[in-house]
Amino acid sequence: MIYCMSDIHGDERRFCRMLRQIDFGPQDHLYILGDVIDRVPGGVSILQWVMEQPNITLLRGNHEQMCLDAMGPHQKPYARELWLGNGGDCTYAELVYLCAPQARRRILEYLEQLPDHAWVEVKKRRFHLVHAWPSDDPHQRLWSRPALDQPSPLPGVTVIVGHTPVWFLTGCLEGPGSIFHAPGFIDIDCGCGCKGHRLGCLRLDDMAEFYE
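Predicted, not measured: the structure shown is a model, and the values here were computed from it.

Undergrad: How do you make sense of the sheet that holds strand 4 (residues 117-122) when you look at a structure like this?
TA: Sheet strands associate in pairs through backbone hydrogen bonding, adopting either a parallel or an antiparallel arrangement. Read across the open sheet, the five strands follow the order 4-5-6-8-7; overall the sheet is mixed. Only two strands of the sheet have a single partner each, and these edge strands are strand 4 and strand 7 (180-181). Pairing geometry for strand 7 and strand 8 (residues 186-187), over two bridges, is antiparallel. Bridging from a neighbouring strand, histidine 181 pairs with isoleucine 186 of strand 8.

Structural data, given as structure tokens:
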């Protein structure tokens, strides 16, 4: 089975419960659409586990990019302030104070080589997976937010995104969010890492939804 998650944001317990719920095994493949880290302590542990799994593909999200901009080989001015101001403080502490230099370097090298989108075909249905929104511009693939009625830029392809919590689109701030099916895309960011919200998972074989 082929699964998609996004925006785990360090919630290791919820992530592990989801893997148990879907009975994830060697015969399955999981695509994570970015933002494993930040907001909740535990993102580095998730990353280290994901790095060792041959049947998990992690796409780069804007939080992985902020981490790289702050600590990677091509650091940018004021990148640390931007990252820490967007929930990166817990990840920064884990990388600096809990990781040995060699482990930290390996994590940053792993983040550096992450793709930022993927094409997947399941049962003759084509999917485009990306953290924020399909674009020729790498920055937009990590940071852009779709409008509720935004048409798909890829006709005939099912676009699946994270990054934008579903309540940004629905306007419903109460209760846990659910995977949102818009006319031109599917948003699977159900707000994990934010109080009162949860992690969503979509199975591409039959479009079944799971929540923790």
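That was the structure; now back to the text.
Undergrad: Teacher, can you tell me more about the pattern of salt bridges here?
TA: A side chain with one charge can pair with a side chain of the opposite charge if their charged atoms come near. For the structure shown, the criterion picks out six salt bridges. As a salt-bridge pair, glutamate 212 and arginine 17 come within 3.2 Å of each other at their nearest N and O atoms. Residue glutamate 212 is located in the segment after strand 10 (208-211), and its partner arginine 17 is located in helix 1 (residues 12-21); the two are separated by 195 residues in the primary sequence. Looking at arginine 17, the relative accessible area reads 30%, which means it is partly exposed. With its nearest N and O atoms 2.7 Å apart, the salt bridge here joins glutamate 52 to arginine 106. Taken together, the positions of glutamate 52 in the loop between helix 2 (43-51) and strand 3 (56-58) and arginine 106 in helix 5 (residues 101-112) put the pair 54 residues apart, joining distant regions of the chain. Residue class for arginine 106 comes out partly exposed when judged on its relative accessible area of 44%.

Undergrad: Please clarify how the packing of aromatic side chains should be interpreted in this entry.
TA: Two aromatic rings, taken as a pair, are described by how far apart their centres are and by the angle between their planes. On inspection of all chains with the given rule, the structure shows five aromatic pairs. When the centroid spacing of 6.1 Å and the interplanar angle of 75° are considered together, the rings of phenylalanine 15 and tryptophan 49 count as edge-to-face. You can see phenylalanine 15 sitting in helix 1 and its partner tryptophan 49 sitting in helix 2, a full 34 residues away along the chain. According to the relative accessible area criterion, tryptophan 49 is partly exposed, its value standing at 36%. Between tryptophan 133 and phenylalanine 185, the ring centres sit 5.3 Å apart and the planes meet at 90°, which makes this aromatic pair edge-to-face. Taken as a pair, tryptophan 133 in the loop between strand 5 (125-130) and helix 6 (138-143) and phenylalanine 185 in the loop between strand 7 and strand 8 lie far apart in primary sequence, 52 residues in all. Pair check on accessibility: tryptophan 133 and phenylalanine 185 agree, each one buried. Geometry around tyrosine 211 places arginine 198 over its ring, the cationic atom sitting 3.9 Å from the centre.

Undergrad: Would you explain the pairing of strand 5 in this entry?
TA: Walk down a regular strand and you will see the side chains alternate between the two sheet faces. As defined by bridge partners, strand 4 adjoins strand 5 across six bridges and the pair is classed as antiparallel. Bridge pairing in strand 5 links glutamate 121 to arginine 126. Joining the antiparallel neighbours strand 4 and strand 5 is a turn of two residues, in which lysine 123 adopts a positive phi near 50°. One ladder, built from four bridges, connects strand 5 with strand 6 (residues 158-161); its direction is parallel. Across the sheet, valine 130 pairs through a bridge with valine 161, a residue of strand 6. On the question of chirality, the crossover connecting strand 5 to the parallel strand 6 by way of helix 6 is right-handed.

Undergrad: So what exactly am I meant to see when it comes to the side chain of histidine 131 here?
TA: For histidine 131, the position within the fold is in the loop between strand 5 and helix 6. Separated by 2.6 Å, the side chain of histidine 131 and the backbone oxygen of leucine 33 make a polar contact.

Undergrad: Mind showing me how you'd approach the confidence of the model for the protein chain here?
TA: When pLDDT drops low, the exact placement of atoms in the prediction is not to be read closely. Mean pLDDT over the protein chain: 96, with 99% of residues reaching 70 or higher. When pLDDT is averaged over each element of the protein chain, strand 2 (residues 29-32) comes out on top at 99 and helix 7 (residues 166-170) at the bottom at 90.

Undergrad: Help me understand the nonpolar core in this model?
TA: Generally speaking, nonpolar side chains in soluble globular proteins are found buried as a group. Ranked by size, the top nonpolar core spans 39 residues in total, and within it Met5, Leu30 and Ile32 carry the most contacts. Counting residues in hydrophobic clusters, the runner-up holds 19 residues, among them Tyr31, Leu33, Val120 and Ile188.

Undergrad: I would appreciate a short explanation of helix 3 (residues 62-71) in the present structure.
TA: Burial analysis of helix 3 places 10 of its 10 residues in the buried class, the great majority of the element. Along helix 3, the residues that are buried comprise Asn62, His63, Glu64, Gln65, Met66, Cys67, Leu68, Asp69, Ala70 and Met71.

Criteria and thresholds
Residues numbered from 1 in each chain as written. Predicted model: local features only at pLDDT ≥ 70, side-chain atom pairs only at ≥ 80, totals over all residues. Heavy atoms only, no water. Pairing = 2+ DSSP bridges. Helix = DSSP H or I, 4+ residues; strand = E, 2+ residues; numbered from the N terminus. Salt bridge = Lys/Arg side-chain N within 4 Å of Asp/Glu carboxyl O. Buried < 20%, exposed > 50% of the residue type's maximum accessible area, 1.4 Å probe, protein only. Phe/Tyr/Trp six-rings, centres within 6.5 Å; stacked < 30°, edge-to-face > 60°. Lys NZ or Arg CZ within 6 Å of the ring centre and 35° of its normal. Right-handed = clockwise from strand over helix to strand, strands pointing away. Polar contact = N/O pair within 3.5 Å; in protein donor to acceptor, adjacent residues only side chain to side chain. pLDDT = per-residue confidence, 0-100. Core = buried A, V, L, I, M, F, W, Y, C linked by side-chain atoms within 4.5 Å.

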